[in-house]
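Given next are the chains, with one letter for each unit.
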Amino acid sequence: MNMTWDLDTIYPSFESPKLRADRELLDQHSEALNQWTKSKLANTQGPAAAIEAFLRLYNQYKSVYVCLLAYAELILSADSDHIEAMNLAEDMEQMNAEIAGTVASFKLWLAGCENVDAFIRSSPYLLEHRFYLQELLAQSRHVLSEEVEVAIANMQSTGSKAWERLYMERASNVRTVISIEGESREVTLSELRSMAYESKAELRLAAYLAEIEACQQIAPVCAASINGISGEALAIYGMRGYSSSLEKVLETSRMDSETLNAMLTALKESLPSFHAYYRKKAEFLGHPDALPFYDIFAPIGEETVPATYTEAKDIIISSFATFSVELAEFAEKVFDQRWIDAEPRAGKAGYGLCIDIFPIHESRIMTSFTGTSLDISVLAHEIGHAYHSSCLSHETMLNTDYPIPIAETASIFCETLVNQILISNASGKAALPILERSISDAGYYLVDFYARYLFELQLFTRRASGPLTVQELNELMHSCLVEAYGESIDETTFHAYMWMNKAGYFMAGNEFLNFPYSFGLLFSKGLYAEYLKRGEEFVTQYRLFLSATSKNNIVDAAGMMGVDVHSIDFWRNALQLIKTDIAEFISRV
């Protein structure tokens, strides 16, 4: 079965007439949008018609821009050295910078309009975009002048975006040598990361030591990158009037601080349960005291024969079918139409990725599949993202954005479906490794991501006083890992360079890519419990919920499923499902 994706429905190549025509069309849309804005926004007559016309023009622009940018990003994710893809990505960044001033002007003009709600009610098209317009009004208080917005966007192309590209290039291409079964082999960072899940203890330790060595090679460049990106964020968000980067992230995530605090309170309460799990795992693996950090993802029990890609496809489709035929058929389409690039190879990014191409109602998924059960979960996770986007295929481009916390809900829900079926189909000793991996994944999303969250909070606080050295970044990462994992992990083995392995820290404009994943896991656990109670009625409501996520904030979207995210008890109940699994694991071991 072919493990590479087919991108022809987007563009056959960089030289294709279709791509060239779209690039010209994008220029036309950009010019039309800019010229229209300059002439029309000066005219205060007929605001309703002006708003509608702007939205139509902007939708047209986005429909072309998204295809071009997605194609460049997909090529780069699979081949970080691809020159044409780099050039197109930079071209799109420049185009986006030029359009930023136009959008900023529209936001400021909209904020100056009176009776906007009345205008919205007067037009079906504006009613369709009501939530989008309301968000623009809320964002307008953080918008600067058109000239400043354009300057910021242009400077980011050679600032934070350039630092991001440099980090991605270095992290994707750094090599180190490791001895595997007596043979020396040159490996990448992503390959070393995957070895943390190996069954052989000596290989896990060797990979851990080699990873530290590889990180040391690129540490100065990565430190410069993270300082450049975080420093720019502090400057820009300060200019916009945000009290912190976290405030900006909460706003763009459509989440309020009450929700975040409720979730974090419940999460911190649950840490002792995870610590008990790690200590029991250490005991099982033969460690007299705490668990070494390099064994945190070590598999428990006998290693099963690696699954083939075809077998992974069958497992995912059959697991999804227990929830709904529609979800299973969607997954089958994803595999059959080759939306996935799962082939491991050098130069390819070492993380799972799903990029949606809404104008053609498709997505593309990137993973590195080696046959482990974790690889199957990653595939299910990314297909969950694609399914969520498919539920929004009826929307215009401006109505397809949904917040990261909710996006992770759909993906982790699909993971849960697969894991539950794998556990239920296994018996005796065969169930233990699957149960343990499910707990290990939860620990990753909750305990490890809590450490990442703490690191980023303190990074921005300290970065305000100046750049951090490699040693300071390492010490900060170490202290945050200790706070999250407690005494359950051998403190001397913590990987102080872990900040370099968190790609989210280097994604300009995407700060705090940590707590949204914790939200997604716990919210999906809570929803899965509701699914077990409500059955088929839940399935129908769940699809409607996903279809509404692009036009609701998190509180209101959760309310559609009967969930109060301000309630600590909701989060405690979701965590109780994981605590029950931990108790079962401890009793079995």
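Preceding block: the structure.
Novice: Now, about the overall build of the protein chain: what can you tell me, with residues and values included?
Specialist: A count of helices and strands for the protein chain gives 22 helices and 5 strands. Here the C-alpha radius of gyration of the protein chain, 24 Å, is about what a compact globule of 589 residues would show, namely 25 Å. Dimensions along the principal axes, computed over C-alpha positions, put the protein chain at roughly 75 × 55 × 45 Å. Long-range pairs, those at least 24 residues apart, make up 75% of the contacts in the protein chain with a sequence separation of at least 6. A total accessible area of about 23,700 Å² is found for the protein chain, and carbon and sulfur atoms account for 52% of it. The protein chain carries 46 positive and 79 negative side-chain charges, and their two centres are separated by 2 Å.

Novice: I'd like to hear about helix H6 (residues 130-139), residue by residue, with values.
Specialist: Three or more residues of H6 are buried, namely Phe131, Tyr132, Leu133, Glu135 and Leu136. On its buried face, H6 sits against helix H2 (47-78), helix H3 (83-112), helix H4 (116-121) and helix H5 (124-128).

Novice: Provide a residue-level description of the packing of aromatic side chains, including the pertinent values.
Specialist: By the definition in use, this model includes 47 aromatic pairs. On the numbers, 6.3 Å between centres and 45 degrees between planes, the contact of Phe512 with Phe515 is tilted. An aromatic cluster is built from Phe323, Phe413, Phe519, Phe523, Tyr528, Tyr531, Phe538, Tyr542, Phe545, Phe570 and Trp571, whose rings are joined through pairwise contacts. Over the ring of Tyr125 we find Arg56, and its NZ or CZ is 3.8 Å from the ring centre. Cation over ring: Arg452 sits above Phe449, and NZ or CZ is 4.0 Å from the ring centre.

Novice: Residue-level account of the pattern of salt bridges, with values.
Specialist: Using the criterion set out here, one finds 31 salt bridges in the structure. Asp91 is the salt-bridge partner of Arg23, the closest N and O atoms lying 2.5 Å from each other. Placement of the pair is Arg23 in helix H1 (residues 17-40) and Asp91 in helix H3, with a sequence separation of 68 residues. Classification of Asp91 by relative accessible area gives partly exposed; the value is 27%.

Novice: Give a description of the sheet that holds strand S3 (residues 340-341) that names residues and reports values.
Specialist: Read from one edge of the open sheet, 3 strands run S3-S5-S4, paired in mixed fashion. This sheet does not close on itself; its edge strands, each paired only once, are S3 and strand S4 (353-357). Sheet topology note: the S3/strand S5 (residues 362-366) ladder contains 2 bridges and is parallel. Pairing of Ile340 across the sheet is with Ile365, part of S5. The strands touched by H2 within the sheet are S3, S4 and S5, with S4 carrying the most contacts at an inclination of about 160 degrees.

Novice: Give a detailed account of the state of the cysteines, specifying residues and quantitative values.
Specialist: For the coordinates displayed, the defined rule picks out 0 disulfides. Between Cys215, a free cysteine, and Cys222, which holds the nearest cysteine sulfur, the sulfur-to-sulfur gap is 7.5 Å. Judged by relative accessible area, Cys215 falls into the buried class, the value being 0%. Its sulfur unpaired, Cys354 is 11 Å from the next cysteine sulfur, which belongs to Cys414. A relative accessible area of 18% places Cys354 in the buried class.

Thresholds applied
In every chain, residue numbers begin from 1 and rise along the written sequence. With pLDDT at 70 or above as the cut-off, local features in this predicted model cover only qualifying residues; side-chain atom pairs require 80 or more to be listed or tallied, and sums for whole chains, interfaces and linings still use all residues. Computation of side-chain values: all heavy atoms of the structure, hydrogens and water removed. A run of H or I in DSSP counts as a helix once it spans at least four residues, and a run of E counts as a strand once it spans at least two, with each numbered from the N terminus. Radius of gyration here uses only the C-alpha atoms, and the compact-globule reference equals 2.2 Å multiplied by the residue count raised to the power 0.38. We call two residues in contact whenever any of their non-hydrogen atoms come within 4.5 Å of each other. A 1.4 Å probe and the Shrake-Rupley method give the accessible areas. Residues count as covered only by the protein chains that appear here. Think of it this way: Lys and Arg go in the positive column, Asp and Glu in the negative one, and His and the chain ends go nowhere. Positions of charges follow a simple convention, taking NZ of Lys, CZ of Arg, CG of Asp or CD of Glu. Accessibility here uses a 1.4 Å probe with only protein chains present; expressed as a share of the type maximum, an area under 20% marks a residue as buried, one over 50% as exposed, and anything in between as partly exposed. Stacked, tilted and edge-to-face pairs are distinguished by plane angle, under 30 degrees for stacked and over 60 for edge-to-face with tilted covering the rest, among Phe, Tyr and Trp rings (Trp via its six-membered ring) whose centres lie within 6.5 Å. Lysine and arginine charges are scored as sitting over a ring when NZ or CZ, respectively, is within 6 Å of the ring centre and within 35 degrees of the ring normal. Between Lys or Arg on one side and Asp or Glu on the other, a salt bridge is scored when a side-chain nitrogen of the former is within 4 Å of a carboxyl oxygen of the latter. Between any two strands, pairing holds if DSSP finds at least two bridges. As a rule, the C-alpha atoms of each element are fitted with a line to give its axis, helices using only the stretch in contact, and angles between N-to-C directions run from 0 to 180 degrees. To count as a disulfide, a pair of cysteine sulfur atoms needs to be within 2.5 Å.

Note that all results are geometric; they support no functional claim without further evidence.
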